[in-house]
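Residue strings, one per chain:
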Amino acid sequence: MTSTDTLPIAVLGAGPVGMAAAARIIEAGLTPLILERGSSVGASLLEWGHVRVFSPWKYNVDDASRRLLDAEGWTAPSPDALPTGREIVEEYLVPLSRVPAIARTLKLGATVTAIARQGLDKVSSPTRLNTPFVIRYRGKSGEQEAAVRAVIDASGTWTQPNPMGVNGLPVLGEGNCDRISYGIPDVAGERRSEFLGKRTLVVGSGHSAINVALALLALQEADPSTVIYWALRRHGVERLLGGGLNDQLPERGALGLKAKAAMDAGRLRMLTSFSATKVTTTNDKIVVAAMAEGSPVELDLDRIVVATGFRPDFSFLREVRIALDPAVEAPPALAPLIDPNLHSCGTVPPHGVDELTHPEKNFYIVGSKSYGRAPTFLMKTGYEQVRSVVTELAGDPVAARRIELVLPETGVCSASPSPSTSSTSTGCCGGPAPSAVDACCVADAEAKAEGSSGCGCGSATVEVERA
């Protein structure tokens, strides 16, 4: 027995994936130490609590967490109902946080500032494998430290939104403008007065951007003077519209269909191949200088919403030996499975502890943060990740590698059409295959019908919004 065996396993973040990790640790007869920066579990979800997710409850509740809740007499929500972010917190995470085995190990208002091996810096190798980790965090009583046997980083990416610039940097003047919001602000609810009757630019091409645009359309119905510009940093809108009726998550497909209807009605002023160059703020407006479709444009605005995704925060991991893909910033073994630059469609290949392992023994990044800068993630993926990781930490490597995960299809591929595809294609290899066909696109379906193994789309990834 090593000196670390009696120590807890640190779980960073009390969102759905972090709480699932804690539940798995408890089921394995081990002890978690859950550190959450917010004053409540699911703090990040509460920041987009007004948004109804496109995955029903049956995809959002972790199995181990359910078992802990059921033992306490929990009344589960309807499995096919679509919850909001706030409902996920209030009806699932908060009751889970009150389970005694969870409650006594949960520290709220605890912001992790650094992780290291006890008495060792990053360069030191002797005795490293059996040396405990030290977690330094800032809590209600000031700066504190805790020794742990392993670390599961489920801190997510919500606090690190991507900027507006196409080069990954803030546009000139972006940092000095207090009328720019990031993520999914509640434009039709708490912040309605800021956007009603105003001129707003939405930048982004994912489901977050669609949610914001549709909320602004509701304001436009109440006040027709509400003007909505929607800027896509790529050419065309086909991928943004998604798989529509082919999407096995109907709410996700419906988002694209609603957006298309608004575009066809001329209610959204679309800007494609958009690249902002400068933001200038005056007392009564924002002026954005940009290029769109190769031509310069200048927009007079009242508000900007940047919904261009998120990136991971590695600042507190400077003394931990981690390995990251240079582009995606995910673990190197996971990166090829989720890299949006690769020609891919279908479902994410099963993955677990092997794809999530870093050079630092007993250190894992899970959840949306494990995907680095890749744009898509589903909670159910994170639940399978932590099942695999915790099983490994509990000493059962065989069960840790027995991955069982089936994700719903999007009905659309995640890469641009091949050069041989018609310009009218709506996805890779000729557009999405019919939902009843076991294929990732039209060309794949045709190839299989002719007796071939497929069209050669390569590794499969499913487009699912980060939750």
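Here goes a summary of the coordinates provided. Since the model is a prediction, treat every value here as computed from it, not as a measurement.

Reading the values: the criteria
- Residues numbered from 1 in each chain as written.
- Predicted model: local features only at pLDDT ≥ 70, side-chain atom pairs only at ≥ 80, totals over all residues.
- Heavy atoms only, no water.
- Helix = DSSP H or I, 4+ residues; strand = E, 2+ residues; numbered from the N terminus.
- Buried < 20%, exposed > 50% of the residue type's maximum accessible area, 1.4 Å probe, protein only.
- Contact = heavy atoms within 4.5 Å.
- Areas by Shrake-Rupley, 256 points an atom, 1.4 Å probe, with all protein chains shown as cover.
- Pairing = 2+ DSSP bridges.
- Axes fitted to C-alpha atoms, helices over the stretch in contact; angles between N-to-C directions.
- Parallel < 35°, antiparallel > 145°, perpendicular 65-115°, else oblique.
- Left-handed = near helix turned anticlockwise from the far one by under 90°.
- Nonpolar A, V, L, I, M, F, W, Y, C, P; charged D, E, K, R; others polar.
- Expected span 1.5 Å × (residues − 1).
- Phe/Tyr/Trp six-rings, centres within 6.5 Å; stacked < 30°, edge-to-face > 60°.
- Lys NZ or Arg CZ within 6 Å of the ring centre and 35° of its normal.

## Observations concerning the overall build of the chain
Working step 1: Regarding its fold elements, the chain presents 15 helices and 16 strands.
Working step 2: In the chain, buried positions account for 53% of the 467 residues.
Working step 3: The long-range share in the chain, meaning contacts at least 24 apart out of those at least 6 apart in sequence, stands at 69%.
Working step 4: When the accessible surface of the chain is totalled, it reaches about 19900 Å², and 50% of it is carbon and sulfur.

## Description of the sheet that holds strand E5 (residues 133–139)
Working step 1: Spatially, the 3 strands line up as an open sheet ordered E4-E5-E6, and their pairing is antiparallel. With partners counted over all chains shown, the strands left at the sheet margins are strand E4 (111–117) and strand E6 (142–148), one partner each. Direction aside, the axes of adjacent strands within the sheet are offset by 20 degrees on average.
Working step 2: As paired strands, E5 and E6 are joined by 7 bridges and run antiparallel to one another. Among the inter-strand pairings, Phe 133 is bridged to a residue of E6, identified as Val 148.

## Description of the packing of helix H1 (residues 16–27) against helix H4 (residues 63–71)
Working step 1: At their nearest, the axes of H1 and H4 sit 8 Å apart, and the two run at 70 degrees to each other. Taken together, the axes of H1 and H4 are roughly perpendicular relative to one another. As H1 packs across H4, the resulting crossing turns out to be left-handed. In this structure, H1 contributes Met 19, Ala 20, Ala 23, Arg 24, Ile 26 and Glu 27 to the contact, and H4 contributes Asp 63, Ala 64, Ser 65, Arg 67 and Leu 68.
Working step 2: Residue classes in the contact of H1 with H4 are distributed as 6 nonpolar, 1 polar and 4 charged.

## Let's talk about helix H13 (residues 379–393)
Since one α-helical turn is 3.6 residues long, residues separated by three or four positions face the same way.
Working step 1: With 15 residues, H13 extends 21 Å from end C-alpha to end C-alpha; this agrees with the ideal 21 Å at 1.5 Å per step.
Working step 2: Counted residue by residue, H13 has 13 buried out of 15 residues, so it is predominantly covered.
Working step 3: One or two residues past the end of H13 sits Gly 395, with phi positive at roughly 95 degrees.

## What to know about unusual backbone geometry
Working step 1: Backbone geometry places Thr 127, a non-glycine residue, at a positive phi of 65 degrees.
Working step 2: Relative to the helices and strands, Thr 127 resides in the loop between E4 and E5.
Working step 3: For Thr 127, a relative accessible area of 58% puts it in the exposed group.
Working step 4: A positive phi is found at Ser 273, a non-glycine position, where the angle reads about 50 degrees.
Working step 5: Relative to the helices and strands, Ser 273 resides in the loop between strand E11 (269–271) and strand E12 (275–281).

## Topic: the packing of aromatic side chains
Working step 1: Taken as a whole and judged by the stated rule, the model has 4 aromatic pairs.
Working step 2: With centroids separated by 6.2 Å and ring planes inclined at 40 degrees, the aromatic side chains of Trp 74 and Tyr 92 adopt a geometry described as tilted. Linking Trp 74 in the loop between H4 and helix H5 (85–97) with Tyr 92 in helix H5, this pair joins segments that are 18 residues apart in sequence.
Working step 3: Under the relative-accessibility criterion, Tyr 92 is labelled buried at 0%.
Working step 4: Of note, Arg 117 hangs over the ring of Phe 133, and the distance from its end group to the ring centre comes to 3.8 Å.

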